[in-house]
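# Residue-level structure breakdown
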Amino acid sequence: TAITYEHIKTCQQTGARLGKVHTPHGSFDTPAFMPVGTLATVKTMSPEELQEMNANIILSNTYHLWLRPGEDIIEEAGGLHRFMNWDGAILTDSGGFQVFSLSDMRDIKEEGVHFRNHLSGEKLFLSPEKAMSIQNSLGSDIMMAFDECPPYPASHDYMKASVERTSRWAERCLKAHERPSEQGLFGIVQGGEYDDLRKQSAKDLVSLDFPGYAIGGLSVGEPKDIMNRMLEFTTPILPADKPRYLMGVGSPDSLVDGAIRGIDMFDCVLPTRIARNGTCMTSGGRLVVRNAKYARDFSPIDENCDCHVCKNYTRAYIRHLVKCNETFGFRLTTYHNLYFLIELMKQVRTAISEDRLGDFKEAFFEQYGFN
Ligand SMILES: CC#C[C@H]1NC(N)=Nc2cc3[nH]c(NC)nc3cc21
Ligand SMILES: [Zn+2]
């Protein structure tokens, strides 16, 4: 099988686990943060820089690459790894989330979803089989099942029907999976904030025996304590010998809270997105580098950070570049923010290995300014 999870140890102080995920394009330690590279690039970063900061796995996106440049062109290039010159691991989302969040919906049928291209307005159709075919062309190491992403909030009845459809679609994805020895496939647990539906969704997918499991729809606006509660009863249903991926999460506090509740993989556009408006994550909280108070501040973004940016550039210089809308400025803030989250996960892994992730959380939340 393409993807295997190696459990190394469980933290004695919390439910967090230290592990490794092995893929055809290398292994990565977990818990891990995965930079998002939606359009076949982690915005403003080169593959060499991603390698340098130990980003061993990145995300890309079926929906976006299907629309532009088209999966046929990427297949002709020899797959997404060759196309973007990245030889680490790649996880592709299935397009489920984008169809429901980007396009004005036409309608959902059992067969699949009819909708309009959010760029051109042309009518499109995406189904479990089509989503699998696109990911097969992209050649990603980890594929995601095509799921129905219901609006938040949704009624219990609506959500129940949606979960049952997502489980039927998941089975169709497994049947359409052409190269299971080269590409892994994760089922996506749905169910909104309904305990019974979350459990039902998890049980349905576990009975289909996926190589890994994602938990979706838990960072679409619900309060963090609801997300934490959902995790507390969802992760125990998932097999301990498979990776668990919490989609679209998240902020530094959510990463720590997710790891404590047994999550192994995270992704979020936050570090790269806020970097492009000049906001940096630092061990003392967020820093808006364009702020006038940094005009003559020749210290690094974060004096506790040993990244290339913090060793060679100052807040004053980065503030100047950002104020002038200079691309290099956003490259520097992006590099640092990604490094910050990758480093945070490294500290989380060390804390797990020393059975003190609870203590780490307390100190980190205090220093960063989380409540
Ligand atoms: C409901 C649901 C669901 C999940 N389904 C798929 N295929 N991708 C996702 C991507 C996400 N990104 C974020 N960010 C807030 N939440 C996500 C949730 C999903
Ligand atoms: Zn730094």
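Residues numbered from 1 in each chain as written. Chains lettered and ligands numbered in written order. Predicted model: local features only at pLDDT ≥ 70, side-chain atom pairs only at ≥ 80, totals over all residues. Heavy atoms only, no water.

Another point: the sheet that holds strand β14 (residues 265–267). Sheet architecture is open: 8 strands sit in the order β4-β14-β13-β12-β11-β10-β6-β5, paired in parallel fashion. Each of the sheet's edge strands pairs with one partner strand only, and the pair in question is β4 (32–34) and β5 (57–61). Across the sheet, the mean angle from the axis of one strand to that of its neighbour is 25 degrees, orientation sign disregarded. In terms of strand pairing, strand β6 (residues 89–93) meets strand β10 (residues 142–144) through 2 bridges, oriented parallel. In the strand pairing of β10, L91 is matched with I142. Across the sheet, helix α6 (residues 128–138) is in contact with β6, β10 and β11 (184–189); its angle to β10 comes to roughly 160 degrees. (Pairing = 2+ DSSP bridges. Helix = DSSP H or I, 4+ residues; strand = E, 2+ residues; numbered from the N terminus. Axes fitted to C-alpha atoms, helices over the stretch in contact; angles between N-to-C directions. Contact = heavy atoms within 4.5 Å.)

On to the coordination of the zinc ion (ligand 2). Coordination of the zinc ion (ligand 2) by the protein is provided by C305 (SG), C307 (SG), C310 (SG) and H336 (ND1), with metal-donor distances spanning 2.1 to 2.3 Å. Its 4 donor atoms give the zinc ion (ligand 2) angles of 101 to 120 degrees at the centre, a pattern that matches the tetrahedral case. Each donor residue of the zinc ion (ligand 2) lies on one chain, and together they are spaced C-x1-C-x2-C-x25-H. Looking at C305, the relative accessible area reads 12%, which means it is buried. (Donors = N, O, S within 2.8 Å, 3.2 Å for Na, K, Ca; no water. Tetrahedral: all angles 85-135°; square planar, octahedral: opposite > 155°, others 65-115°. Buried < 20%, exposed > 50% of the residue type's maximum accessible area, 1.4 Å probe, protein only.)

Turning our eyes to something else, we now look at the nonpolar core. Counting residues in each nonpolar core, the largest one holds 93 residues, and the members touching the most others are L50, M53, L246, F266 and L357. Ranked by residue count, the leading element in this core is helix α14 (residues 327–353), at 13 residues. If sequence neighbours within four positions are ignored, L50 has contacts with V42, M45, A55, I58, W86 and L338. Of all hydrophobic cores here, the second largest spans 20 residues; its members include Y5, M144, M247 and M265. (Core = buried A, V, L, I, M, F, W, Y, C linked by side-chain atoms within 4.5 Å.)

In this section: the sheet that holds strand β1 (residues 4–10). The strand order β1-β2-β3 describes an open sheet built from 3 strands, whose pairing is antiparallel. Either end of the sheet is taken by a strand with one partner, and the two such strands are β1 and β3 (26–30). Each neighbouring strand pair of the sheet contributes to a mean axis angle of 15 degrees, computed without reference to strand direction. As paired strands, strand β2 (residues 17–23) and β3 are joined by 5 bridges and run antiparallel to one another. Counterpart to V21 in the pairing with β3 is F28. The sheet contacts of α14 involve β1, β2 and β3, and relative to β2 the element is tilted by about 125 degrees.

Moving on to the packing of α14 against helix α15 (residues 357–368). Contact pair α14 / α15: the axes reach a minimum separation of 8 Å and the direction vectors enclose 145 degrees. Each of F340, L344, Q347, V348, A351 and I352 in α14 lies in contact with α15, whose residues at this interface are L357, F360, F364 and Y368.

You can see P69 is positioned in the loop between α2 (62–67) and α3 (71–76). Sequence-wise, P69 and L39 are 30 residues apart; in three dimensions their C-alpha atoms are separated by 8.9 Å. Discounting residues that sit within four places of it in the chain, P69 has contacts with I74 and F83.

Within the secondary structure, S251 sits in the loop between β13 (244–246) and α10 (252–260). Only 2.6 Å separates the side chain of S251 from the side chain of D253, close enough to count as a polar contact. In this structure S251 touches K224 and L270, once residues within four positions along its chain are discounted. (Polar contact = N/O pair within 3.5 Å; in protein donor to acceptor, adjacent residues only side chain to side chain.)

Here we come to the confidence of the model for the protein. In this model, the protein carries an average pLDDT of 96, and 99% of its residues clear a pLDDT of 70 or more. The ipTM for the predicted assembly is 0.99, set against a pTM of 0.98. (pLDDT = per-residue confidence, 0-100.)

Judged by how many residues are buried, β11 sits mostly within the fold: 6 of 6 residues are covered. Residues G184, F186 and I188 of β11 are buried on one face, and the alternating residues L185, G187 and V189, pointing to the opposite face, are buried as well. Two strands pair when backbone bridges link them, and β10 and β11 are joined in this way by 3 bridges, in the parallel orientation. Paired with M143 across the strands is L185, a residue of β11. Sheet topology places β11 next to strand β12 (residues 212–215); 4 bridges connect them, and they run parallel. Pairing of I188 across the sheet is with A214, part of β12. At this point the chain moves from β11, through helix α8 (residues 195–208), to the parallel β12, and the crossover so formed is right-handed. (Right-handed = clockwise from strand over helix to strand, strands pointing away.)

Running from N to C, α10 and α15 point in directions that differ by 170 degrees, and their axes come no closer than 11 Å. The pairing of α10 with α15 is recorded here as roughly antiparallel in orientation. Every residue of α15 that contacts α10 at P252, D253, V256, D257, A259 and I260 is listed here: L357, F360, K361, F364, F365 and Y368. (Parallel < 35°, antiparallel > 145°, perpendicular 65-115°, else oblique.)

A few words on helix α13 (residues 315–323). Every buried residue of α13 is listed here: R315, A316, I318, R319, L321 and V322. Buried-residue contacts for α13 involve β16 (285–288), α12 (308–312) and α14. Following α13 by one or two positions, N325 adopts a phi angle in the positive range, close to 60 degrees.

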